[in-house]
Amino acid sequence: MTGGRSAGILLHRVVDGGLQVLLGHMGGPFWARKDEGAWSIPKGEPDDGEDLEATARREFAEELGLPVPEGELVPLGEVRQSGGKVVTAWALAGDLDPDRVVPGTFTLEWPRGSGTVREFPEVDRVAWFPLVEARVKVVKAQRELLDRLAEKHSFE
């Protein structure tokens, strides 16, 4: 499959009667100066033979450096991102403090072609957003996941 697969968890909570979702701003030099469309649910690629729900749980913990909150994962289905990657997601009602996040890292040759390999955080910021604001911040294809969450929970 072109683009591969990824799995993640969309953590959400209700504050003052409004639904909020937790998003991470993608780390690394490409996303450093971008804001709109540069946030994502915590997600990642499965290890060989790994179940996608297990992938979502592992990637959440790896990207945020915190355990997945207790609770039932509710399937949100799949979306295809612009690069072809298919993201399978689950919603989870829960809470966590973004100030406690200790992001995982990845390595990348930067500047490209320089031969210098640097380490970057997988996410460089994590924040709670009301759905309306989250729709602007999140990667375009993942907006569908926000819509599905709102539909499941009867929020506008």
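For the structure itself, look to the data block above.
Within each chain, residues carry numbers counting from 1 in the order of the written sequence. Two thresholds apply to this predicted model, a pLDDT of at least 70 for residue-level local features and 80 or more for giving and counting side-chain atom pairs, whereas whole-chain, interface and lining totals are computed over all residues. Water and hydrogen atoms play no part in the side-chain values, which are based on all heavy atoms of the structure.

Q: Sorry if this is basic, but what is going on with the packing of aromatic side chains here?
A: The description of an aromatic ring pair rests on the distance of the ring centres and on the angle between the ring planes. Note on aromatic pairs: the rings of Phe, Tyr and Trp (six-membered ring only in Trp) are paired at centre separations within 6.5 Å, and the planes decide the class, stacked below 30 degrees, edge-to-face beyond 60, tilted for the rest. For the coordinates displayed, the defined rule picks out three aromatic pairs. Consider the rings of Phe30 and Trp31, whose centres lie 4.8 Å apart with planes at 90°: the pair is edge-to-face. On the accessibility criterion, Trp31 (22% relative accessible area) is partly exposed. Judged by centre distance (5.9 Å) and plane angle (35°), the rings of Phe106 and Phe120 are tilted. On the criterion of sequence distance, the pair formed by Phe106 in strand β7 (residues 105-109) and Phe120 in strand β8 (residues 117-121) is long-range, its members being 14 residues apart. When a residue's accessible area, from a 1.4 Å probe over protein chains only, is under 20% of the maximum for its type it is buried; when over 50% it is exposed; and in between it is partly exposed. Judged by relative accessible area, which is 28%, Phe106 ranks as partly exposed. According to the relative accessible area criterion, Phe120 is buried, its value standing at 8%. Our definition puts a charge over a ring when NZ of Lys or CZ of Arg is within 6 Å of the ring centre and also within 35 degrees of the ring normal. Sitting over the ring of Phe30, Lys34 keeps its end group 4.3 Å from the ring centre. Per the convention used, a helix needs a DSSP run of H or I reaching at least four residues, while a strand needs a run of E reaching at least two, with both numbered from the N terminus.

Q: I'm lost on the side chain of Ser6 in this one. Help?
A: Structurally, Ser6 can be placed in strand β1 (residues 5-15). Within polar-contact distance, the side chain of Ser6 engages the backbone oxygen of Gly44 at 3.0 Å. The contact criterion used throughout is that any non-hydrogen atoms of two residues lie within 4.5 Å. When sequence neighbours within four positions are dropped, the list of residues in contact with Ser6 reads Lys43, Gly44, Glu45, Lys85, Val86, Val87 and Thr88. We call two N or O atoms a polar contact when they sit within 3.5 Å, provided that within protein one can donate a hydrogen and the other can accept it, with sequence-adjacent residues counted only if both atoms are side-chain atoms.

Q: Teacher, can you tell me more about unusual backbone geometry here?
A: Excluding glycine, most residues fall at negative phi; most peptide bonds, likewise, are trans. Between Trp110 and Pro111 the backbone carries a cis peptide bond, its omega angle lying at -5°. Take Pro111: it is sitting in the loop between β7 and β8. Phi is positive for Asp16, which is not a glycine, with a value near 50°. Relative to the assigned elements, Asp16 resides in the loop between β1 and β2 (18-26).

Q: Sorry if this is basic, but what is going on with the side chain of Glu63 here?
A: Structurally, the position occupied by Glu63 is in helix α1 (residues 52-64). Residues scored as charged are limited to Lys and Arg (positive) and Asp and Glu (negative), so that His and the chain ends carry no count. Salt bridges are identified by distance alone: a Lys or Arg side-chain nitrogen within 4 Å of an Asp or Glu carboxyl oxygen. Of the side chains bearing the opposite charge, Lys43 lies closest to the buried Glu63, which forms no salt bridge; the N-O distance is 5.9 Å. For Glu63, the contacting residues outside a window of four places in its chain are Pro42, Lys43, Val102, Pro103, Gly104, Glu122 and Val123.

Limitation: the analysis is restricted to geometry and does not speak to function.
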